[in-house]
2 protein chains.
Amino acid sequence: MGGERAVRAKSGTGEHVERHFLNSQTVRDVVIGMADGLTVPFALAAGVTAAVASTRLVVTAGLAEIVAGSIAMGLGGYLAAKSDHEHFQSEERREYAEVEKLPEQERRELREILADYGLRGREADSVVAAISADKKRWVDFMMRFELGLEKPDPKRAPVSAATIAAAYFVGGLIPLAPYMLGGDVRDALVHSTIVTGVALLSFGAVKGKLTGADPLKSGAQTFLVGGLAAGAAYWLASFFG
Amino acid sequence: MGGERAVRAKSGTGEHVERHFLNSQTVRDVVIGMADGLTVPFALAAGVTAAVASTRLVVTAGLAEIVAGSIAMGLGGYLAAKSDHEHFQSEERREYAEVEKLPEQERRELREILADYGLRGREADSVVAAISADKKRWVDFMMRFELGLEKPDPKRAPVSAATIAAAYFVGGLIPLAPYMLGGDVRDALVHSTIVTGVALLSFGAVKGKLTGADPLKSGAQTFLVGGLAAGAAYWLASFFG
């Protein structure tokens, strides 16, 4: 369900982590998808259990959530990657046009950026001359500094979105497994809580390790989010159910 | 459910959009949360409808999903923002230490970055001298250029995550409303599909407008993702239910 999501939108950190762990990126996507996938299906199953005494129904609702969530994440992610890429390209085209048609204005903007880093006077003149000597270089500089945009990798993002979605699907099956085995729905809830608790701690810890956070803390946080979500869903469902 | 999520992790575009629409950022968070919130609760409700003939059960499962999803998104987002901020601070501390203890190595790295922008020889010397004259400026430059990190705003991210989560919750109530009114579950599904279809198109279009994409295309895509997710959930649930 993407606790990661709301925030990654706000910082460029994802990019950095990506570069540091390029070779283990698929592993990272799988772990992120699974850690997220465990949370909502687990909470939903707990909530439905509070309201009805049918394991089959819990499994049905759980599977519906998992498939819907995976499609929303995978396809939605793919489309968002495509439009991010298009956005970058259109800004890049605009920047090329500005460099072409309003070079003096762009040079002024370039000087302002350089002034922020302590470059003024003749020093700034020579840097402006060097950067603006090559249009591609100039546009690259403006894209990064003026607009704060990094070139998205059009190949990587869809693969990554699909990997996260698939991992979400598989991760979601973990809390559902005890219900799938049949038997009493309350017993299944207890087993699901134990299995998912262990999985949340483990995947949270691995996620922390891969993204540079403290594994213990990350494991505890993932566990906490899953536990609170499930608790709230259970409470709300017993009230309405 | 965050189709946006998987991708925003991959590009820095969020930052940029943020700057362009700083004054309308709350509006943007609300729209993004709602557009996402419509998708999975709608699909889940459709799926449960395929399996059981009880509107009360659909509402219970739907509410469990919404509350679990909102908590996962809000609390998870808040925690992820906090660890992003900590990660930035620890990298910044390391960079300060490197500038202090290995200034020659850091100057070499600075020269390599400048060479990428066409600055060599004496020009590069004067730029290196200007930037490295001020430690804060030097570290800022290395954070941005060597590590590709932008300073996260520790105040903004949690507010934004909470706004998106609340909007997810409210957005999720839209597809559930027809079921809440009671009556035949099949009728409710039809009404939910119409209401949610219109809402997906509208919020998708507004989302496109606010994030710089084509509103028509964005509306159609949001609609498509919601439709496919609901279709798949319905199909899977009728198979298992």
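Conventions and cut-offs
Residues numbered from 1 in each chain as written. Chains lettered and ligands numbered in written order. Predicted model: local features only at pLDDT ≥ 70, side-chain atom pairs only at ≥ 80, totals over all residues. Heavy atoms only, no water. Core = buried A, V, L, I, M, F, W, Y, C linked by side-chain atoms within 4.5 Å. Buried < 20%, exposed > 50% of the residue type's maximum accessible area, 1.4 Å probe, protein only. Domains from an automatic or database assignment. Patch = residues over 30% accessible without salt bridge, like charges linked within 9 Å, V, L, I, M, F, W, Y side chains within 5 Å. Areas by Shrake-Rupley, 256 points an atom, 1.4 Å probe, with all protein chains shown as cover. Salt bridge = Lys/Arg side-chain N within 4 Å of Asp/Glu carboxyl O. Helix = DSSP H or I, 4+ residues; strand = E, 2+ residues; numbered from the N terminus. Phe/Tyr/Trp six-rings, centres within 6.5 Å; stacked < 30°, edge-to-face > 60°. UniProt positions renumbered as here; feature names shortened; annotations may be inferred. Expected span 1.5 Å × (residues − 1). Bend = angle between axes of the 7 residues up to and from the residue.

Observations regarding the nonpolar core
Phase 1: Residues Leu44, Val48 and Tyr179 of chain A together with Leu44, Val48 and Tyr179 of chain B are the most contacted members of the largest nonpolar core, which totals 70 residues.
Phase 2: Leu114 and Phe145 of chain A together with Leu110 and Ile131 of chain B belong to the second-largest nonpolar core, a separate cluster that totals 38 residues.

Some details on the domain arrangement of chain A
Phase 1: Along its sequence, chain A is carved into domain 1 (26-83 + 157-240) and domain 2 (88-145).
Phase 2: The C-alpha-based centres of domain 1 of chain A and domain 2 of chain A are spaced at 47 Å.

Considerations on a nonpolar patch on the surface
Phase 1: A surface patch of nonpolar side chains, amounting to about 270 Å² of accessible area, comprises Val190, Ile194 and Val198 of chain A.
Phase 2: Checked against the element boundaries, valine 190 of chain A lands in helix H9 (residues 185-211).

Remarks on the packing of aromatic side chains
Phase 1: Scanning all chains against the criterion turns up four aromatic pairs over all chains.
Phase 2: Relative to tyrosine 117 of chain B, the ring of phenylalanine 141 of chain A lies with its centre 5.1 Å away and its plane at 90°, an arrangement referred to as edge-to-face. Placement of phenylalanine 141 of chain A in helix H7 (residues 135-145) and of tyrosine 117 of chain B in the loop between helix H5 (103-116) and helix H6 (121-132) is noted, with the two residues assigned to different chains.
Phase 3: You can call phenylalanine 141 of chain A buried: its relative accessible area is 5%.
Phase 4: Between tryptophan 235 of chain A and phenylalanine 239 of chain A, the ring centres sit 6.0 Å apart and the planes meet at 15°, which makes this aromatic pair stacked. Of the two residues, tryptophan 235 of chain A and phenylalanine 239 of chain A are both situated in helix H10 (residues 215-240); the distance of four residues between them amounts to about one turn of the helix. Pair check on accessibility: tryptophan 235 of chain A and phenylalanine 239 of chain A agree, each one exposed.

Comments concerning the UniProt feature "transmembrane region" (unreviewed entry) in chain A
Residues and elements named next belong to chain A.
Phase 1: In this structure's numbering, the residues bearing the UniProt feature "transmembrane region" (unreviewed entry) are residues 30-52, 58-81, 159-182, 188-206 and 218-237.
Phase 2: A helix fraction of 92% and a strand fraction of 0% characterise residues 159-182, whose end C-alpha atoms lie 35 Å from each other.
Phase 3: From the first C-alpha to the last, residues 188-206 spans 26 Å; its make-up is 100% helix and 0% strand.

Structural notes on helix H8 (residues 156-180) of chain A
Along an α-helix, residues three or four positions apart point the same way, because every turn accommodates 3.6 residues.
Residues and elements named next belong to chain A.
Phase 1: Here H8 is 25 residues long and its end C-alpha atoms lie 35 Å apart, about the 36 Å a rise of 1.5 Å per residue gives.
Phase 2: Maximum bend of H8: about 45°, positioned at isoleucine 174, with proline proline 175 one to four residues after it.
Phase 3: One or two steps after H8, the chain reaches glycine 182, where phi turns positive at roughly 80°.

A few points about the pattern of salt bridges
Phase 1: The tally for this structure, following the rule as stated, stands at twelve salt bridges over all chains.
Phase 2: Across the salt bridge formed by glutamate 86 of chain B and lysine 217 of chain A, the nearest N and O atoms sit 3.1 Å from each other. With one member in each of two chains, glutamate 86 of chain B in helix H4 (residues 55-101) and lysine 217 of chain A in helix H10 form a pair that bridges those chains.
Phase 3: One salt bridge connects aspartate 140 of chain B with lysine 136 of chain B, and the closest N-O pair in it is separated by 2.9 Å.

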